[in-house]
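Descriptive structure summary
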Amino acid sequence: MAGIVVTCPECEKKFKPKADVSGKKIKCPFCTHQFVVPGEKAANGDAKSKPMKSDKARPDAKAKPAGKGKPDTKPKPVAEPTQSADPDLDKDENPYGVNHVELVPRCPNCTEEMENEHATICLYCGYNTMTREWGKTEKTIGVTWKRQILYSLPAIGSATYVFFTIIFLIYYCVVSPYDVEGTMMSFSDHESMRMWTTVVNLVFIWAAGMFCFQKFIAKPKPDEIKLD
């Protein structure tokens, strides 16, 4: 009787069941009244012979005046949960087949299981859940000893300059005044010249020392050559 409109004998509301319920006992989805659906022939005959009741013909259509009559002491029926038109769906307690819910952490990119709940990088696709970026694979050429020497030569020259400049300043400030006394180089024995020579050389020593720090400590190896 699928596709046939069924009328509830209690509330007289119509609904269309999803399956063939001819001759079966069902519940009205509106008032939860239970009734047996007649056969297709009987339903067609009743539909032709039984006139539709209007709200005026029903005895309970008229509202009772306030304050008159006896109070209704009849207990009201408890509303039962509505039943679907298909009885097979009501019998199945788990119609969607969900038996187990996995609460393991998974990668938002490839949906593979993460190592643990605190892991940030997926071991399957390299996706970083913190930076929202994918890990990249690059081909590079290792650093050879020739490139290492060429990279370190400027730093070695700067270190040599610092060493000999410090020796020169010690000689110029401590020993030179005695060596140039009474000679044509005695003009260099002056406090102002000695001070400015020391200040200028200390600035160059500081710059060379910072260059040596970058080459020897901060970045002791050159960058690898990347292949396309």
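How each quantity is defined
- Position numbers for residues count from 1 along each chain, tracking the sequence in the order it is written.
- Owing to the predicted nature of the model, reporting of local features is limited to residues with pLDDT of at least 70; listing and counting of side-chain atom pairs is limited to 80 or more, with chain, interface and lining totals taken over all residues.
- Excluding hydrogens and water, the side-chain figures rest on all heavy atoms present in the structure.
- Salt bridge, as used here: a side-chain nitrogen of Lys or Arg that lies within 4 Å of a carboxyl oxygen of Asp or Glu.
- Strands are runs of DSSP state E lasting at least two residues, helices are runs of H or I lasting at least four, and both sets are numbered from the N terminus onward.
- Here the term buried applies to any residue with accessible area under 20% of the maximum for its type, exposed to any over 50%, and partly exposed to those in between, with areas from a 1.4 Å probe on protein chains only.
- The pLDDT score gives, residue by residue, the confidence of the prediction method on a 0 to 100 scale.
- The contact rule is simple, with two residues in contact once any of their heavy atoms fall within 4.5 Å.
- We define a nonpolar core as any set of buried Ala, Val, Leu, Ile, Met, Phe, Trp, Tyr and Cys residues linked to one another through side-chain atoms lying within 4.5 Å.

1. Section: the pattern of salt bridges
Pairing of side chains with opposite charge becomes possible as their charged atoms draw close. Per the stated rule, a full pass over the model turns up three salt bridges. With its nearest N and O atoms 2.5 Å apart, the salt bridge here joins Asp 189 to Arg 194. The salt bridge partner of Arg 194 is Glu 191, with a shortest N-O separation of 3.0 Å. With a gap of three residues between them, Arg 194 and Glu 191 both fall in helix 4 (residues 191-218), about one helical turn apart. Exposure remark for Arg 194: the relative accessible area of 9% places this residue in the buried category. Among the charged side chains, a network of salt bridges with common partners joins Asp 189, Glu 191 and Arg 194.

2. Quick look at the confidence of the model for the protein
On average, residues of the protein score 77 in pLDDT, and 71% of them are at 70 or above. Helix 4 holds the highest mean pLDDT among the elements of the protein, 94, whereas helix 1 (residues 40-49) holds the lowest, 50. Within the model, pLDDT remains below 50 along residues 47-57, and this stretch shows four contacts once partners closer than five positions in the same chain are excluded.

3. Here we look at the nonpolar core
Ranked by size, the top nonpolar core spans eight residues in total: Val 6, Cys 8, Phe 15, Val 21, Ile 26, Cys 28, Phe 35 and Val 37. Sequence-distant contacts of Cys 28, that is, excluding residues within four places in its chain, are made with Cys 8, Cys 11, Phe 15, His 33 and Phe 35.

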